[in-house]
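# Residue-level structure breakdown
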Amino acid sequence: MDHRLSHLILLLNEKLRLFLSISFGIFLFILFFQPFTLDRFDFNNRLLFVAGFGGIVFFFMSLIQVILPWLIYKNNQNENETVFPSYLSSFIILALNSVAFTFYLRYVGFVNISFYIVAKVVLVCLAPPVALRLYDVNKELRQLNESLIIEKKIIQKQIEKQQEDDLNKSIEFTSENSTENFVLPIVEIVCIKSADNYVEIVYKKDDSFKKRLIRNTLKNIDLQIKHYSNFVRCHRICIVNKYYIERLNHSYSKYWLTIRGFQEQIPVSRQYILKLKETL
């Protein structure tokens with residue numbers, strides 16, 4: 001019993017503010033725009049009469065979206081039981097409110113019911129199900145956004161772990177004619193530049209930056225290291241290790257990278273600026 005009662009209280013707490021807001025909105029709309037004749041009431045009675053519309057809306061929203069789900073849960077012991085699909089719930093709320101509004105106008109407000117009055121009743125009663133549907137859609141989007149944020153964080157952690165694993169690996173650079181080779185841990189490689197018929201490998205060894213020329217093309221080297229996510233192309237003549245990037249600089253139409261502890265500027269072309277920003 002305590003568990004079922006706590007479930008009812010949970011449902012009420014979740015929906016109460018929404019139901020009150022919608023009901024109060026209906027109250028204000030009918031009070032100020034007066035879609036129905038209210039001349040027969042004085043000011044105080046008019047307030048009470050209009051408040052009745054808000055009460056009707058609040059009752060049927062609570063009945064369809066709180067009380068019935070709680071009763072189903074109580075009988076079937078299924079907390080996730082859905083009483084009505086969303087569209088059917090909206091239609092039932094619209095129908096019940098429309099019928100109740102019509103009877104309320106006829107027997108409490110003594111308003112002569114005509115097709116025009118019924119049409120206005122239906123239009124006013126459309127507001128609650130539309131508001132509820134917008135609330136549900138917004139809630140679904142928030143939940144989807146939260147799940148995507150969590151998924152993004154998980155993927156980022158996986159990428160970071162992969163990058164850390166890659167840093168511990170080594171790459172063997174070979175010359176174009178395979179007459180010489182040069183093995184370096186990825187964690188030591190700073191950048192790779194094109195130098196005519198050679199590539200210049202800048203690496204960090206014992207806290208100092210060193211350079212090594214190998215006869216090859218940057219295109220071939222790029223194909224060799226493309227499987228490692230640590231490297232990013234920033235210019236047609238340069239590939240850089242993200243591990244060493246300190247910041248991306250911009251002055252007028254010129255972009256360049258600052259490498260930690262390295263005095264030279266690494267050029268960045270407009271062709272690669274968007275991909276570089278996404279990577280950083």
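Since this is a predicted model, take the numbers as computed values, not measurements. (Residues numbered from 1 in each chain as written. Predicted model: local features only at pLDDT ≥ 70, side-chain atom pairs only at ≥ 80, totals over all residues. Heavy atoms only, no water.)

### Things to note about the pattern of salt bridges
The line we're drawing: By definition here, a salt bridge exists when the distance from a side-chain nitrogen of Lys or Arg to a carboxyl oxygen of Asp or Glu is within 4 Å. Working definition: helices are DSSP H or I runs of at least four residues, strands are E runs of at least two. Numbering for both runs from the N terminus. When a residue's accessible area, from a 1.4 Å probe over protein chains only, is under 20% of the maximum for its type it is buried; when over 50% it is exposed; and in between it is partly exposed.
Taken as a whole and judged by the stated rule, the model has 6 salt bridges. For Lys-15, the salt bridge goes to Asp-136, with nearest N and O atoms at 3.9 Å. Taken as a pair, Lys-15 in helix H1 (residues 2-33) and Asp-136 in helix H4 (residues 115-167) lie far apart in primary sequence, 121 residues in all. In terms of burial, Lys-15 and Asp-136 fall into one category: buried. Through salt bridges that share partners, Lys-193, Lys-211 and Glu-264 make up one connected network.

### Focus on the environment of Val-57
Quick reminder of the rule: Throughout, a contact is declared for two residues whenever any of their heavy atoms are within 4.5 Å.
Looking at where Val-57 falls in the secondary structure, it is placed in helix H2 (residues 43-76). Given a relative accessible area of 1%, Val-57 falls into the buried group. Along the backbone, Val-57 and Thr-258 are 201 residues apart, and their C-alpha atoms lie at a distance of 63 Å. In contact with Val-57, not counting residues within four places along its chain, are Ile-22, Ser-23, Ile-26, Asn-97, Phe-101 and Pro-128.

### Comments concerning the packing of helix H3 (residues 86-107) against H4
Geometry of a packed helix pair, given as the angle between the helix axes and the separation of the axes. As a reminder, the rule being used: Between the N-to-C directions of two axes lies an angle of 0 to 180 degrees, each axis being a line fitted to C-alpha atoms and, for a helix, fitted only over the stretch in contact. Each helix crossing is assigned a hand: it is left-handed if the near helix lies turned anticlockwise from the far helix by less than a right angle, otherwise right-handed if that turn is clockwise. The residue classification treats Ala, Val, Leu, Ile, Met, Phe, Trp, Tyr, Cys and Pro as nonpolar and Asp, Glu, Lys and Arg as charged. All others, Gly included, are polar.
In the contact formed by H3 and H4, the axes pass within 8 Å of each other and the chain directions differ by 145°. Considering how the two elements wind past one another, H3 and H4 form a crossing that is right-handed. Within the contact between the two elements, H3 uses Ser-86, Ser-90, Ile-93, Leu-94, Asn-97, Ser-98, Phe-101, Thr-102 and Leu-105 and H4 uses Ile-117, Val-121, Val-122, Val-124, Cys-125, Leu-126, Pro-128, Pro-129, Leu-132, Arg-133 and Asp-136. Per-class residue counts for the contact of H3 with H4 are 13 nonpolar, 5 polar and 2 charged.

### Examining the packing of aromatic side chains
Heads up, the rule is: Side-chain rings of Phe, Tyr and Trp (the six-membered ring for Trp) are treated as a pair once their centres are within 6.5 Å; stacked means planes under 30 degrees apart, edge-to-face means over 60, and tilted covers the remaining angles.
Under the defined criterion, the tally for this structure stands at 13 aromatic pairs. Between Phe-36 and Phe-53, the aromatic rings sit 5.7 Å apart at their centres with planes inclined by 25°, giving stacked as the arrangement. Within this pair, whereas Phe-36 is found in the loop between H1 and H2, its partner Phe-53 is found in helix H2, the two being separated by 17 residues in sequence. With respect to class, Phe-36 is no different from Phe-53; both count as buried.

### Focus on the sheet that holds strand E8 (residues 245-251)
Rules: Between any two strands, at least two bridges found by DSSP are needed for them to pair.
Pairing in this open sheet of 3 strands is antiparallel, and the strands run E8-E9-E10 from one edge to the other. At either end of the open sheet lies a strand with only one pairing partner, and these are E8 and strand E10 (266-268). Pairs of neighbouring strands in the sheet enclose a mean axial angle of 30°, with direction left out of account. Strand direction decides the pairing type here: strand E9 (residues 254-259) and E10, joined by 3 bridges, are antiparallel. By the bridge assignment, Trp-256 is partnered in E10 with Pro-267.

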